[in-house]
Amino acid sequence: MTSKNIHTHKAPEPVGAYPHAKKVGNFIFLSGVGPRKPGTSEIPGTYVDPEGNVVGHEIEEQTRAVIENVKIILEEAGSSLDKLVDITVFLTDMKADFKKFNQVYTEELGQYGATRTTVEVGALPTPIAVEFKVIALA
């Protein structure tokens, strides 16, 4: 079975040594996708104090940005949101964010019917509140 790494300059650069996605057979596996704006280090929906410390976030805005980044990567790989198979969601504050996150997720992705697991994590590699790990059909 052949595999191919997928990288696009249309999506935010990965924060480590890995591709945006890997196409293996009829599947596309995305690396963790966060809400950073492509071409910048800006994280939508993140509030910082004058010293640059994160003091809050809007999970709705970050969730929409993650979905947009997933869409960009899937399209570069020759796929699309309607080919989603499975999504793992990482939230840094399940209690505060799950209800608002789930509302945006349902509005944006609910019609596609992908399976989903949502877990709380203590932190993510950059000061973000949500990250997706996605599998889609090629």
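Attention in this report is confined to the structure presented alongside it. Here the structure is a predicted model, which is why all the values come from computation and not from measurement.

## As for the overall build of the chain
Then, number 1: For the chain, the count of helices and strands is 2 helices and 8 strands.
Then, number 2: Its helices and strands in sequence order give the chain the pattern β-β-β-β-β-α-β-α-β-β, from N to C terminus.
Then, number 3: Compactness check: the chain gives a C-alpha radius of gyration of 15 Å against a globular reference of 14 Å for 138 residues, within 12% of the reference.
Then, number 4: Overall, the chain is about 50 × 30 × 20 Å in size when its C-alpha atoms are taken along their principal axes.
Then, number 5: For the chain, the residues scored as buried account for 38% of the 138 residues in total.
Then, number 6: As presented, the chain carries roughly 7,400 Å² of accessible surface, and 52% of it is formed by carbon and sulfur atoms.

## Let's talk about the nonpolar core
Then, number 1: L30, V70, I87 and F132 are the most contacted members of the largest nonpolar core, which totals 28 residues.
Then, number 2: Where this core is concerned, the elements lending two or more residues are β3 (27–30), α1 (59–76), β6 (84–91), α2 (94–109) and β8 (130–137).
Then, number 3: Beyond its immediate chain neighbours, meaning those up to four positions away, L30 contacts H20, A21, V70, I73, L74, K133 and V134.

## A few points about the layout of surface pockets
Then, number 1: Approximately 270 Å³ is the volume attributed to the largest pocket.
Then, number 2: Lining the largest pocket are 19 residues; nearest its centre among them are Y18, G32, V33, G34 and R36.
Then, number 3: Counted by class, the lining of the largest pocket contains 10 nonpolar, 6 polar and 3 charged residues.

## Quick look at α1
Then, number 1: For α1, spanning 18 residues, the distance from its first C-alpha to its last is 26 Å, which sits close to the expected 26 Å at 1.5 Å a residue.
Then, number 2: Every buried residue belonging to α1 is among I59, Q62, T63, A65, V66, I67, N69, V70, I72, I73 and L74, and all of these are buried.
Then, number 3: Immediately beyond the C-terminal end of α1, within one or two residues, lies G78, with a positive phi of roughly 85 degrees.

## Brief notes about the pairing of β8
Then, number 1: Pairing between β3 and β8: 3 bridges, direction antiparallel. When the bridges of β8 are listed, I28 appears paired with A136.
Then, number 2: Two strands pair when backbone bridges link them, and β6 and β8 are joined in this way by 7 bridges, in the antiparallel orientation. The partner of T88 across the bridge, within β8, is K133.

## Looking at the packing of aromatic side chains
Then, number 1: Taken as a whole, this structure holds 5 aromatic pairs when the rule is applied.
Then, number 2: Aromatic pair F98 and F101: ring centres 6.2 Å apart, planes at 45 degrees, arrangement tilted. One end of the pair is F98 and the other is F101, both in helix α2 and 3 residues apart, which spans about a single turn.
Then, number 3: On the basis of relative accessible area, F101 is assigned to the buried category, the value being 0%.
Then, number 4: Both rings, one in F101 and one in F132, keep their centres 6.3 Å apart while their planes meet at 90 degrees; by these two values the pair is edge-to-face. With a gap of 31 residues between them, F101 in helix α2 and F132 in strand β8 connect regions that are remote in the sequence.
Then, number 5: Take F132: its relative accessible area is 1%, and that puts it in the buried class.
Then, number 6: Of the aromatic side chains, those joined through ring pairs into one cluster are F98, F101, Y105 and F132.
Then, number 7: Across the ring face of Y105, the terminal group of R116 is positioned such that the distance to the ring centre comes to 4.4 Å.

## Focus: the environment of T92
Then, number 1: Its location among the elements puts T92 in the loop between β6 and α2.
Then, number 2: Spatially, the C-alpha atom of T92 lies 30 Å from that of A138, the residues being 46 residues apart in sequence.
Then, number 3: Residues within four places of T92 in sequence aside, it is in contact with E120, V121, A123, L124, I128 and A129.

Scoring rules and cut-offs
- Residues numbered from 1 in each chain as written.
- Predicted model: local features only at pLDDT ≥ 70, side-chain atom pairs only at ≥ 80, totals over all residues.
- Heavy atoms only, no water.
- Helix = DSSP H or I, 4+ residues; strand = E, 2+ residues; numbered from the N terminus.
- Rg over C-alpha atoms; globule rule 2.2 N^0.38 Å.
- Buried < 20%, exposed > 50% of the residue type's maximum accessible area, 1.4 Å probe, protein only.
- Areas by Shrake-Rupley, 256 points an atom, 1.4 Å probe, with all protein chains shown as cover.
- Core = buried A, V, L, I, M, F, W, Y, C linked by side-chain atoms within 4.5 Å.
- Contact = heavy atoms within 4.5 Å.
- 1 Å grid on protein atoms, 1.4 Å probe; cavity = no way out; pocket = protein on both sides within 12 Å on 5 of 7 lines; lining within 4 Å.
- Points joined across faces, edges and corners; volume = space filled by probe spheres on them.
- Nonpolar A, V, L, I, M, F, W, Y, C, P; charged D, E, K, R; others polar.
- Expected span 1.5 Å × (residues − 1).
- Pairing = 2+ DSSP bridges.
- Phe/Tyr/Trp six-rings, centres within 6.5 Å; stacked < 30°, edge-to-face > 60°.
- Lys NZ or Arg CZ within 6 Å of the ring centre and 35° of its normal.

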